[in-house]
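A closer look at the structure
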Amino acid sequence: MKAFLTMFVLGSLAFSAAGADDAAAVRGLIPRLADPDVSARYAAQMELQDLASQSSQPGQAARREALGRVLAAQAADPATPQPARVWMVRQLEYMGGAEAVPSLASLLAGDEPELRDCARRALEKNPAPEASASLRRALEKAGEAREQIGLIHSLGQRADAESAALIVRHLDREATAAAAAMALGRIATPAAAAALAPLLGRNPAAGEGLMEAASRMSARGDIAAAQDLYRRLWAAENPVALRAAALSGMETAAPAVLRPMLREALNSNEPRLQQVAIRIAGGAGARFGRMLLNRYAALPAPARAQVLSVLDSSAETRIIEAVQEPEPDVRRAAIEALGRVGGSAGVPALLNIAGADGPDKNAAVLALARISGEGAAAEIRKAAGAGPANLRVAALNALADRGQAAAIPTLLEAVAEPDAAVQKAAWAALGKLGAEREIESVGGLVARDKSSEASAAIEAIAARVADKKAAARKLLALAGGREAELASMAGALSVLGAEAGLAALDRLAASGGAGSQERALVALGRWPTLDAVQPLLAIARRADAPERAQSLAIEGVARLVESSGRSPLDARVEAALAALAAAKQDTGKKAVLAALATVPHPESARVIQSMLGDPKFRSEAAQAGIELAELLVSTHRDLAHELARAIQQAGISTMLGRRAGAVLRR
Amino acid sequence: MKTTRRSFLKRTLGAGAALAMPGFAPGALWGQNAPSNRITIGLIGMGLQMGGHRGGMTGRQDVQVLAVCDVHRGRLQAAKAAVESAYSQRTASGSYKGCAAYHEYERVMERGDIDAVMICTPDHWHAPISVAAMRSGKDVFVQKPMTLTIREGRIMSDVARQRGAILQVGSQQRSERAFRRACEMVRNGWIGKVKTIYASLGEFPPPRTLPEQPIPEGFDYDRWLGPTPWYPYHPDRVKGDYGGGWRCFWDYGSRKNGDWGAHHFDIIQWALGQDDSGPVEFIPKGYEGAEFQTHVYGDGVRVLRNHPDMKGHMIRFIGEKGEVLVSRGDRLDTVPAGLKDQPPGPADVRLYESRNHDDNWIQSIRSRRPPICPAEIGHRTATICHLSGIAERLKRPLRWDPAQEQIVGDPEASRWLDRPRRAPYVYI
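Scoring rules and cut-offs
Residues numbered from 1 in each chain as written. Chains lettered and ligands numbered in written order. Predicted model: local features only at pLDDT ≥ 70, side-chain atom pairs only at ≥ 80, totals over all residues. Heavy atoms only, no water. Axes fitted to C-alpha atoms, helices over the stretch in contact; angles between N-to-C directions. Helix = DSSP H or I, 4+ residues; strand = E, 2+ residues; numbered from the N terminus. Left-handed = near helix turned anticlockwise from the far one by under 90°. Contact = heavy atoms within 4.5 Å. Nonpolar A, V, L, I, M, F, W, Y, C, P; charged D, E, K, R; others polar. Pairing = 2+ DSSP bridges. Buried < 20%, exposed > 50% of the residue type's maximum accessible area, 1.4 Å probe, protein only. Salt bridge = Lys/Arg side-chain N within 4 Å of Asp/Glu carboxyl O. Polar contact = N/O pair within 3.5 Å; in protein donor to acceptor, adjacent residues only side chain to side chain.

All names here are of chain A. The geometry of helix 3 (residues 61-76) relative to helix 4 (residues 82-95) is characterised by a closest axis approach of 9 Å and an angle of 145° between their N-to-C directions. Judged by the twist between their axes, the crossing of helix 3 over helix 4 is left-handed. Residue-level inspection shows Arg64, Leu67, Gly68, Leu71, Ala72, Gln74, Ala75 and Ala76 of helix 3 in contact with helix 4, the latter providing Arg85, Met88, Val89, Gln91, Leu92 and Met95. In the contact of helix 3 with helix 4, the residues fall into nine nonpolar, three polar and two charged.

Moving on to the sheet that holds strand 17 (residues 406-408) of chain B. The pairing of strands in a sheet happens through backbone hydrogen bonds and is either parallel or antiparallel. Residues and elements named next belong to chain B. Reading across the sheet, the nine strands line up as 15-14-13-7-12-11-10-16-17 and stay open at both edges, with mixed pairing between neighbours. Because the sheet does not close on itself, it has two edges, and the strands there are strand 15 (331-335) and strand 17. Averaged over all adjacent pairs, the angle separating strand axes in this sheet is 20°, with direction ignored. Examined bridge by bridge, strand 16 (residues 398-401) and strand 17 share three bridges and lie antiparallel to one another. Looking at strand 17, one finds that Trp400 is bridged to Ile407. This element, helix 12 (residues 261-271), spans strand 7 (194-199), strand 11 (294-296), strand 12 (302-305) and strand 13 (315-319) of the sheet and lies at about 30° to strand 13. Sheet strands touched by helix 14 (residues 375-394): strand 10 (281-283), strand 11, strand 12, strand 16 and strand 17. Its angle to strand 16, the strand with the most contacts, is close to 155°.

All names here are of chain B. The element strand 13 is largely enclosed, with a buried count of five among its five residues. Residues of strand 13 alternate between two faces, with Ile315, Phe317 and Gly319 on one and Arg316 and Ile318 on the opposite face, all of them buried. Of the strand pairs in this sheet, strand 7 and strand 13 are connected by five bridges, and their pairing is antiparallel. Pairing of Val194 across the sheet is with Gly319, part of strand 13. Count of turn residues in the strand 13/strand 14 (residues 323-327) antiparallel hairpin: three residues.

Turning next to unusual backbone geometry. The omega torsion across B:Val335 and B:Pro336 is 0°, close enough to zero to call that bond cis. Among the secondary structure elements, B:Pro336 is positioned in the loop between strand 15 and helix 13 (357-367). For the bond running from B:Ala423 to B:Pro424, omega is 5°, close enough to zero to count as cis. On the secondary structure map, B:Pro424 appears in the segment after helix 15 (411-414). Positive phi is not limited to glycine here, since A:Ala159 has a value of about 50°. Inspection of the secondary structure assignment puts A:Ala159 in the loop between helix 8 (145-157) and helix 9 (164-168). On the accessibility criterion, A:Ala159 (32% relative accessible area) is partly exposed. Positive phi values are uncommon outside glycine, yet B:Asn306 reaches one of about 60°. As for its position among the elements, B:Asn306 is in the loop between strand 12 and strand 13.

It is worth spelling out the interface of chain B and chain A at this point. The accessible area lost on association of the parts is a frequent measure of interface size. Contacts between chain B and chain A engage 57 residues on the former and 73 residues on the latter. Run the count over chain B and chain A and you get eight salt bridges. We note a salt bridge from B:Arg163 to A:Glu208, for which the minimum N-O separation is 2.8 Å. For the pair chain B and chain A, the number of links is 34 residue pairs in polar contact (both at pLDDT 80 or more). Secondary structure elements with two or more residues in the side of chain B that touches chain A: helix 6 (126-135), helix 7 (150-163), helix 13 and helix 14 of chain B. In terms of residue count, helix 7 of chain B provides more of the side of chain B that touches chain A than any other element does, three residues in total. A class-by-class count of the residues in the side of chain B that touches chain A yields 24 nonpolar, eight polar and 25 charged.

This is the structure:
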């Protein structure tokens, strides 16, 4: 006990010391809160806000009260400058208690409109019951509509039952009727509701007030009163939005008596009512599910589509029928519903749509990717293996979209099918689903097939492989040094980026036939490192290289320079310069110029600048130059400026001149 | 959409005025979309953000902009002229005069021939106008963040649900492929259990106290301030500016938490499957040495704001088995890298797919089916923005009960769940 008393005394002393400090701090802030230099007030405002925040922390009740008293007293003191008073009352909105009410009440009765409204707002949020009394007194005296609206609203926010009679007086005045109706709705006593009820249909705000009252009555368990109000609001002569709200309200207040209202809403010709009814019925599961299905055929198309979106798997048969309906929105809703809840029975319906070129094809493709009810996956796999070609294609695409890796054996068989469309779809699916373990089996098929679809598939799988060296070895073994087989795997070898693959592509580029050489050159140009530069340059420099091969080789080097951002800048520049020297055609030189623009190196700037004077390349050189200058300006400012000046002097275009100007300003 | 006789008549009568104009040919204007099939809309808040929406809406054959609304007379007239000019280009006579211009949003609500409104005002007007629109039977597109306060969000969500209103919040990242794919990967556990998420929001300059300047001719400053506290006019206070302007001030929003947080926190909610719930704790930067503003979900997932190691992305999900990194411009990266190319399996959760946020709203109005970012989702995301802001202002952590939507154990902080409104702009 002694220890407790000691703690209490120490605690009180601490609070009292903190309270004295806070009071001093407030007094010290007043001149700064009203600083003639308005912009200087902000720091003082934040200091006071922090003080209010600290004092209102949980467990600081005494300190909060002490500060509340100080702020209220200072705010009510006419000697305190106006900007300081306003900011103090703003703090009281969030931390003032009973101690602040007398001062706030005096401000509410004062002459200054801004302070009056500030005080009203602070009283509205004040937890002390006596705050309501001061607001009521002010409302009795208030003459201006603006002020009355504020006071009525505040009393409503406080759900102050004692003010209901006072507020009712403001219902028949145009300026205050809406505020009064809403406030009475928030007060939600029987008397408040009784005052509003006769105005339903005459004062638009009365309906909203009654809706608010019904909702509050329902929340506090006064179900009979809430039901009565909802029934009034449900009356056919009321606006549709209000009727819809009443229907929603009944969902919570009286679900047991909801059925006839739902039926009426579904049978109405109002989309809003039908929408709310379908939401409620759909959310109730089996309870109203039969009602929805029974009325389905009689509903307009948008409502049918909504019903389909809330049905569960037990209605799959009905949903399947709906995919044939004439209205596009309904069909699409049915297709989506099958994707959501369908099983094996829904798959053929979706495949028929996905396998045709109709307007619902995309929706069906999406639904097939998602359908996951009982037996759906097996049904799709079965359809991929046999049946009409268009349905098999749709099923193969679905397997790919679904990431159904278990179907890979089916795909490996399908790539050998005679039908070209089936084959193509199977390759595409293999490309999406195949993994490292399939590299050999798919590689073997690619070596036999050699089509572009097969090459694309093995390339896609190669991109996902972890052990790239091993995969490259396997593919090279499958190709067995044969030109056509090697060419069909060129893209995959490039993606794998293994040394053995580079050597094989080098040989293919140097000695293969025209088609194989081109595939090898393209693959080298997409190599992941600069290691492919030398084989490409070797082709580019060969006097007997066909024009097409020369061009592909130079473009390949340009692509490597551009894409090898992590390689040393010197190596990239060196490769570009070598390509520029080897290029025999202007298109190749232009490609290299564009690549140089991505290499922030002094040599790049020198070369580009030197080509600005060449009529054949000045336009491309200027474009490359401005891009390089923008890249260089943060690291090599002088160089960037020199390049920009040269571009400006070249006078290629206004736009480039502007960009050069922007570089020069940095 | 089923057209009732009443709405058809309303629209036909509404179109009557336009039909009387010389050279006006509705067929030429809206192609096959007869008046009864067109969605008629009003645009409210004709500033910076509305520009793109206005162009998109006037370019549609299935939508007709009937009204524009702004508190700035010059901007209002310019918007009316822009709408009419867009439609004039589609008439044989080259002339069209059918777009009303209103200074007060209440006049738009009175128009029974307007089906829906787009709201691109500053944040403090979002809720009052949205609620008024839904109560008058209209559908709503409202910019993000959906609200200024948490209580406003609860009201908006309830009103939308009760009235069957289609409300789309302008968190358009939900309609971008990369963000949806990122969320699907996280949701389906492809990177294992997510532990930490980084979100890059940036920073605004601090708010300021500004000296009074004369209110420009034709600008209704009192109405611009609306329910927020009165301050002397200064152009920097009301400026629409992505780098500052009104967005810097607490009175009109939650600063960067409300601005970019409304985008990135929204995506994080989606990825974590928390669209109807939210975090349980909010820790401001600096509290007991906290290096980053943080919010924490019930299962321990921590979201850190402005962590420097974003690897060039806007949001970085870090899981036990990998990472998902995502940004605007359809940028998606994963660790391991191949993850992003892997198709979802049949058992994987597939999220709502929308490819165009505005179009998704229009299609939802037509079908009466939910849009991709309805009010409840917008409210839950805005709640995170606001609670982060409240914790920042109070400089203390907050515990949050997302089921009851209450701050736990801090009655004074709880007062921030709503803000008192300046008279006479008190309606919500």
